[in-house]
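# Structure assessment
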Amino acid sequence: METMAPQTPIISTSEQQKPAGRGQRPAHWGGVFAMSLCVFALIASEFMPVSLLTPMAAELQVSEGMVGQGIAISGLFAVLTSLCVSTLAGGVNRKTLLLGLTAVMAVSGALVALAPGYPLFMIGRALIGVVIGGFWSMSAATAMRLVPAHQVPRALAIFNGGNALATVLAAPLGSYLGAVIGWRGAFFCLVPVAALALAWQWISLPSMKADKRRRPAGNVFGIFAAFKSPAIACGMAACGAFFMGQFVLFTYVRPFLETVTRVDVATVSLVLLVIGVAGFAGTLLIGRFLGNGLYRTLATIPALMAVIAAALVPTGGWPAAVVVLLGLWGLMSTPAPVAWWSLGGGSHAG
């Protein structure tokens, strides 16, 4: 599950309307909130299959594992897009690019909702991966162009407010909607949200011309040169292994609950909500364990998650134990990306 900002700051009316100082860019808070709505729709689209895996597999006539590959393919295309977007976009106005990505997100939701079979479903999931990679690789740079420099952290926190809301609500809401209107209806509900985000961004985002002074990268895969350093290679391998383990469990939590714990759809929705709320709480608390204990935290979180995953095997038939264990798992897994991002922020004692 994606990371969240601890709080979503409230921007007062007077602050929104405060004129920019001399030499300072104006604040476009409407654009910031429009992008936060886009983040909500994006995260909800990314992880909607988690809560609907079983009915999707049944209707598409494939295994649950194959439907789970819909999350894997979105991740693959997200990585490829994030590496290539700045080179491929060239001199395209960044507002135009963001609007295009948001439109692709709406198309992706419609394709998945209307997919008659597995191939079109995977195409729709690949498209959402393109949006994920393009959007997140541009989010920080966009925030810097929407508000004055001293307000960039606040803008990024508002972006992540949409992340926080989607992380808590998307999976349980998707499971509930799937039971009421079917999994196709649940996916189709994301289309008008994406359309609203598109319209809001169209109105509120200023024109953002590409910075032609920046030299284009000669090789989009030049980043992999950093892997020549053993320390960097080891750290990246550890980071990759962590996220692989995290999403393998999260992707297939619904089949586990239905076939091993043997609970109904309403209970599945409740367990997913517990994971989301616990993850939000973990994000609020993680800062206390960073500081001088960053490396210790990075090592402890995956170790404890591995213990929880192992404990689910013998206790999987006891609903109360499963709820507690998955709640603890969400408490630790969701804020983990915050610790990994902090790794690049400076030197910390282990």
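Relevant structure appears above.
Residues numbered from 1 in each chain as written. Predicted model: local features only at pLDDT ≥ 70, side-chain atom pairs only at ≥ 80, totals over all residues. Heavy atoms only, no water.

### Some words on the overall build of the protein
- Looking only at helices and strands, the protein features 13 helices and zero strands.
- Listing every helix and strand of the protein by position from the N terminus yields α-α-α-α-α-α-α-α-α-α-α-α-α.
- Across the 350 residues of the protein, 47% fall into the buried class.
- Considering only intrachain contacts with a sequence separation of at least 6, the fraction spanning at least 24 residues in the protein is 84%.
- Of the roughly 16,600 Å² of accessible surface on the protein, 70% is carried by carbon and sulfur atoms. (Helix = DSSP H or I, 4+ residues; strand = E, 2+ residues; numbered from the N terminus. Buried < 20%, exposed > 50% of the residue type's maximum accessible area, 1.4 Å probe, protein only. Contact = heavy atoms within 4.5 Å. Areas by Shrake-Rupley, 256 points an atom, 1.4 Å probe, with all protein chains shown as cover.)

### Re helix α12 (residues 319-333)
- Compared with an ideal rise of 1.5 Å per residue, which puts 15 residues at 21 Å, α12 spans 20 Å between its outermost C-alpha atoms and is within 8% of the ideal.
- Those residues of α12 that fall on the buried side of the exposure criterion are Val 322, Leu 325, Leu 326, Gly 327, Trp 329, Gly 330, Met 332 and Ser 333. (Expected span 1.5 Å × (residues − 1).)

### Let's talk about the packing of helix α8 (residues 230-251) against helix α11 (residues 294-315)
- It is at 11 Å that the axes of α8 and α11 come closest, and there the two elements cross at 30°. Relative to α11, the element α8 is oriented roughly parallel. Relative to α11, α8 is oriented so that their crossing is left-handed. Taken together, the residues of α11 that come into contact with α8 (itself represented by Phe 242, Gln 246 and Leu 249) are Ile 301, Pro 302, Met 305, Ala 309 and Leu 312.
- Considering only residue class, the contact of α8 with α11 consists of seven nonpolar, one polar and no charged. (Axes fitted to C-alpha atoms, helices over the stretch in contact; angles between N-to-C directions. Parallel < 35°, antiparallel > 145°, perpendicular 65-115°, else oblique. Left-handed = near helix turned anticlockwise from the far one by under 90°. Nonpolar A, V, L, I, M, F, W, Y, C, P; charged D, E, K, R; others polar.)

### Regarding the environment of Ala 57
- Mapped onto the elements, Ala 57 comes out in helix α2 (residues 29-60).
- For the pair Ala 57 and Val 67, spaced 10 residues apart in sequence, the C-alpha to C-alpha distance is 6.0 Å.
- Apart from the residues lying within four places of it in its own chain, the contact partners of Ala 57 are Val 62, Ser 63, Glu 64 and Val 67.

### Here we look at the pattern of salt bridges
- Applying the stated criterion across every chain, the model contains two salt bridges.
- Here Arg 184 makes a salt bridge to Glu 59, at a shortest N to O gap of 2.7 Å. A residue pair is termed long-range when its members are at least 10 positions apart, and Arg 184 in helix α6 (residues 152-188) and Glu 59 in helix α2 qualify at 125 residues.
- Among the residues examined, Glu 59 registers a relative accessible area of 44% and is labelled partly exposed.
- Of the charged contacts in the structure, one is a salt bridge between Glu 258 and Arg 254, with a shortest N-O distance of 2.9 Å. Highlighted residues: Glu 258 and Arg 254, both in helix α9 (residues 253-261), separated by four residues, approximately one helical turn.
- Exposure remark for Arg 254: the relative accessible area of 5% places this residue in the buried category. (Salt bridge = Lys/Arg side-chain N within 4 Å of Asp/Glu carboxyl O.)

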